[in-house]
Amino acid sequence: MRAACSEPGLPAPSAGAVAGPVASLGGLGQALADAVAAVGVARPGTVVRADRVGPAQLLTALPREALRAPARALLAPLLAVDRDGSLLRTLAVLLDVGGAPSVAAVRLGVHRNTVSARLERLRALGCDPDDPGLRLPLHLACRVQLDATEPEVPEDQAEPPEGEPAG
């Protein structure tokens, strides 16, 4: 389905969505409604699962311009020193994976120690993904700042860093 949505010959950008399994025919209506809601927030060329719609997808339904200034203000200390964007991407991925440095390392394609070092820098800048009061605002600000232009690496396609075992 993902390949069909990103087919270069399509006349318009396409997206897809799927819902979870249903136990009986009576559940098909709800599953269809879930998939329709999910496709409404899917980016062109992507397929989303209705049960995994996250902040990046939800933000697509909001006016981006209204969120940019608050996102930049929250992330200002980070953005001032993050010349290559690696800290912002690391923060976003850490928040996406629930703060697990090993999982974030796989998603980012770097060693776990690299993520740990970046995490310490993030905390020193006041961007602690483990702070319950900051977690949601940081997650939303990262998504707005990244502007959903970077394709997310699906979990099943992430490669472990060189020299580390998969899984």
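Residues numbered from 1 in each chain as written. Predicted model: local features only at pLDDT ≥ 70, side-chain atom pairs only at ≥ 80, totals over all residues. Heavy atoms only, no water.

A.B. asks: Please clarify how the packing of helix 5 (residues 86–96) against helix 8 (residues 132–146) should be interpreted in this entry.
C.D. replies: A pair of packed helices is characterised by two quantities: the angle between their axes and the separation of those axes. Between helix 5 and helix 8, the least distance of the axes is 9 Å, while the angle of their chain directions is 130°. Classified by the interaxial angle, the pair formed by helix 5 and helix 8 is oblique. Between helix 5 and helix 8 lies a crossing whose hand is left-handed. Residues Leu 88, Arg 89, Leu 91, Ala 92, Leu 95 and Asp 96 of helix 5 form the contact with helix 8, whose own contacting residues are Arg 135, Leu 138, His 139, Cys 142, Arg 143, Gln 145 and Leu 146. Residue classes in the contact of helix 5 with helix 8 are distributed as seven nonpolar, two polar and four charged. (Axes fitted to C-alpha atoms, helices over the stretch in contact; angles between N-to-C directions. Helix = DSSP H or I, 4+ residues; strand = E, 2+ residues; numbered from the N terminus. Parallel < 35°, antiparallel > 145°, perpendicular 65-115°, else oblique. Left-handed = near helix turned anticlockwise from the far one by under 90°. Contact = heavy atoms within 4.5 Å. Nonpolar A, V, L, I, M, F, W, Y, C, P; charged D, E, K, R; others polar.)

A.B. asks: Looking at this structure, I do not really get the nonpolar core. What am I missing?
C.D. replies: One recurring pattern in soluble globular proteins: nonpolar side chains tend to sit buried together. Counting 23 residues, the largest nonpolar core has Leu 78, Leu 91 and Leu 122 as the members making the most contacts within it. Where this core is concerned, the elements lending two or more residues are helix 4 (64–81), helix 5, helix 6 (101–108), helix 7 (112–124) and helix 8. Broken down by element, this core gets its largest block of residues, seven residues, from helix 5. When residues no more than four places from it in sequence are discounted, the contact partners of Leu 78 are Leu 87, Leu 88, Leu 91, Leu 122, Leu 125 and Cys 127. (Core = buried A, V, L, I, M, F, W, Y, C linked by side-chain atoms within 4.5 Å. Buried < 20%, exposed > 50% of the residue type's maximum accessible area, 1.4 Å probe, protein only.)

A.B. asks: So what exactly am I meant to see when it comes to the environment of Val 18 here?
C.D. replies: Looking at where Val 18 falls in the secondary structure, it is placed in strand 1 (residues 16–18). As for Val 18 and Val 39, which are separated by 21 residues in sequence, their C-alpha atoms are 8.2 Å apart.

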